[in-house]
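Chain by chain, the residues:
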Amino acid sequence: MEQREIKPVSPEEINKLSRLAEEIWTEHYAGIISQGQISYMVEKFQSSHAIQEQIRQGYHYFWLCLNGQTAGYLSIKPEDGSLFLSKIYIQKEYRGKKLAACAVNYLTTVCQQQGLSNIWLTVNKRNSGSIAAYERLGFHKVREQTADIGQGYVMDDYIMELPIS
């Protein structure tokens, strides 16, 4: 039987997290966005410095583990009565093993404990595999958003939401 765990990322593990982020992003976003944009976004949002700054701003990072092995990570931030699922990334060889479902169950419990009404996230409009996975987990599209992230790049996303009862 497979064992799924969610564990907090310690300050000493931030460099490891940043390296994993670069590996996952480089593999996953090829064909969705340009290599230049991937590199820019990894540096801007997933470098050790960027992660440390996000933690100072109230984000929380967690490892997703399967049978004791690091399989991915997630980042959340409670805000305005909701829980922002900022990042959830799983290494290719661990996808389809119900880690995202485990994470959403965990986050649902966090929301219930903190009195938060929903979980929301942004997802690239061309990221059809992730969109389908989120829909299977109960998320639905609520709106679209285009954000200028600098250097001529934009994030063209759907905002998806999961109500918490």
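The model shown is predicted, which means the values in this text are computed figures rather than measured ones.

**Here's the deal with the overall build of the protein**
Okay, so step 1: When helices and strands are tallied, the protein shows 5 helices and 7 strands.
Okay, so step 2: Moving toward the C terminus, one meets the helices and strands of the protein in the order β-α-α-α-β-β-β-α-β-α-β-β.
Okay, so step 3: By the compact-globule yardstick of 15 Å for 165 residues, the protein fits well, its C-alpha radius of gyration being 15 Å.
Okay, so step 4: Here the protein holds 165 residues, and the buried ones make up 45% of them.

**Looking at the nonpolar core**
Okay, so step 1: The biggest cluster of nonpolar side chains holds 29 residues, and the ones touching the most others in it are Leu64, Leu74, Leu83, Leu85, Ile119, Phe139 and Met160.
Okay, so step 2: For this core, the leading source of residues is helix α4 (residues 99-114), giving 6 residues.

**Concerning the sheet that holds strand β5 (residues 118-124)**
Okay, so step 1: Spatially, β1-β2-β3-β4-β5-β7-β6 is the arrangement adopted by the 7 strands of the open sheet, whose pairing is mixed. Looking at the sheet topology across the chains shown, the edges are occupied by β1 (4-8) and β6 (140-150). Adjacent strand axes in the sheet meet at a mean angle of 30°, parallel and antiparallel pairs treated alike.
Okay, so step 2: In this sheet, β5 lies alongside strand β4 (residues 82-90) in parallel orientation, the contact comprising 2 bridges. Paired with Leu83 across the two strands is Ile119, which belongs to β5.
Okay, so step 3: Helix-sheet contacts for helix α1 (residues 14-28) involve β2 (60-66), β3 (69-79) and β4, and the interaxial angle to β3 is about 100°.

**Observations concerning the side chain of Gln37**
Okay, so step 1: For Gln37, the position within the fold is in helix α2 (residues 35-46).
Okay, so step 2: By relative accessible area, Gln37 is classed as buried at 10%.
Okay, so step 3: In contact with Gln37, not counting residues within four places along its chain, are Ile149, Tyr153 and Val154.

**Digging into the packing of aromatic side chains**
Okay, so step 1: Per the counting criterion, the structure on display carries 9 aromatic pairs.
Okay, so step 2: A ring pair is formed by Phe62 and Tyr106, whose centres lie 5.7 Å apart and whose planes are at 65°; its orientation type is edge-to-face. Here the residue Phe62 occupies a position in strand β2, and Tyr106 occupies one in helix α4, the gap between them amounting to 44 residues.
Okay, so step 3: Within the aromatic cluster, the residues linked to one another by ring pairs are Trp25, Tyr29, Tyr73 and Tyr89.
Okay, so step 4: A cation over an aromatic ring shows up here: Lys16 above the ring of Trp63, its NZ or CZ 4.9 Å from the ring centre.
Okay, so step 5: Directly above the ring of Tyr59 sits Lys87, whose terminal nitrogen or CZ lies 5.7 Å from the centroid.

**Here we look at the pattern of salt bridges**
Okay, so step 1: Counted according to the given criterion, the structure contains 5 salt bridges.
Okay, so step 2: Salt-bridge contacts for Glu144 lead to Lys125; the nearest nitrogen and oxygen are separated by 2.8 Å. Placement of the pair is Glu144 in strand β6 and Lys125 in the loop between β5 and α5 (128-136), with a sequence separation of 19 residues.
Okay, so step 3: Take Glu144: its relative accessible area is 53%, and that puts it in the exposed class.
Okay, so step 4: A relative accessible area of 24% places Lys125 in the partly exposed class.
Okay, so step 5: Note that Asp156 and Lys125 form a salt bridge whose closest N and O atoms lie 3.0 Å from each other. Of this pair, Asp156 sits in strand β7 (residues 153-163) while Lys125 sits in the loop between β5 and α5, and the two are 31 residues apart along the sequence.
Okay, so step 6: Among the ionic contacts, a cluster of salt bridges with common partners joins Lys125, Glu144 and Asp156.

What counts and what doesn't
Residues numbered from 1 in each chain as written. Predicted model: local features only at pLDDT ≥ 70, side-chain atom pairs only at ≥ 80, totals over all residues. Heavy atoms only, no water. Helix = DSSP H or I, 4+ residues; strand = E, 2+ residues; numbered from the N terminus. Rg over C-alpha atoms; globule rule 2.2 N^0.38 Å. Buried < 20%, exposed > 50% of the residue type's maximum accessible area, 1.4 Å probe, protein only. Core = buried A, V, L, I, M, F, W, Y, C linked by side-chain atoms within 4.5 Å. Pairing = 2+ DSSP bridges. Axes fitted to C-alpha atoms, helices over the stretch in contact; angles between N-to-C directions. Contact = heavy atoms within 4.5 Å. Phe/Tyr/Trp six-rings, centres within 6.5 Å; stacked < 30°, edge-to-face > 60°. Lys NZ or Arg CZ within 6 Å of the ring centre and 35° of its normal. Salt bridge = Lys/Arg side-chain N within 4 Å of Asp/Glu carboxyl O.

Fair warning: the whole summary comes from geometry, so function is off the table for now.
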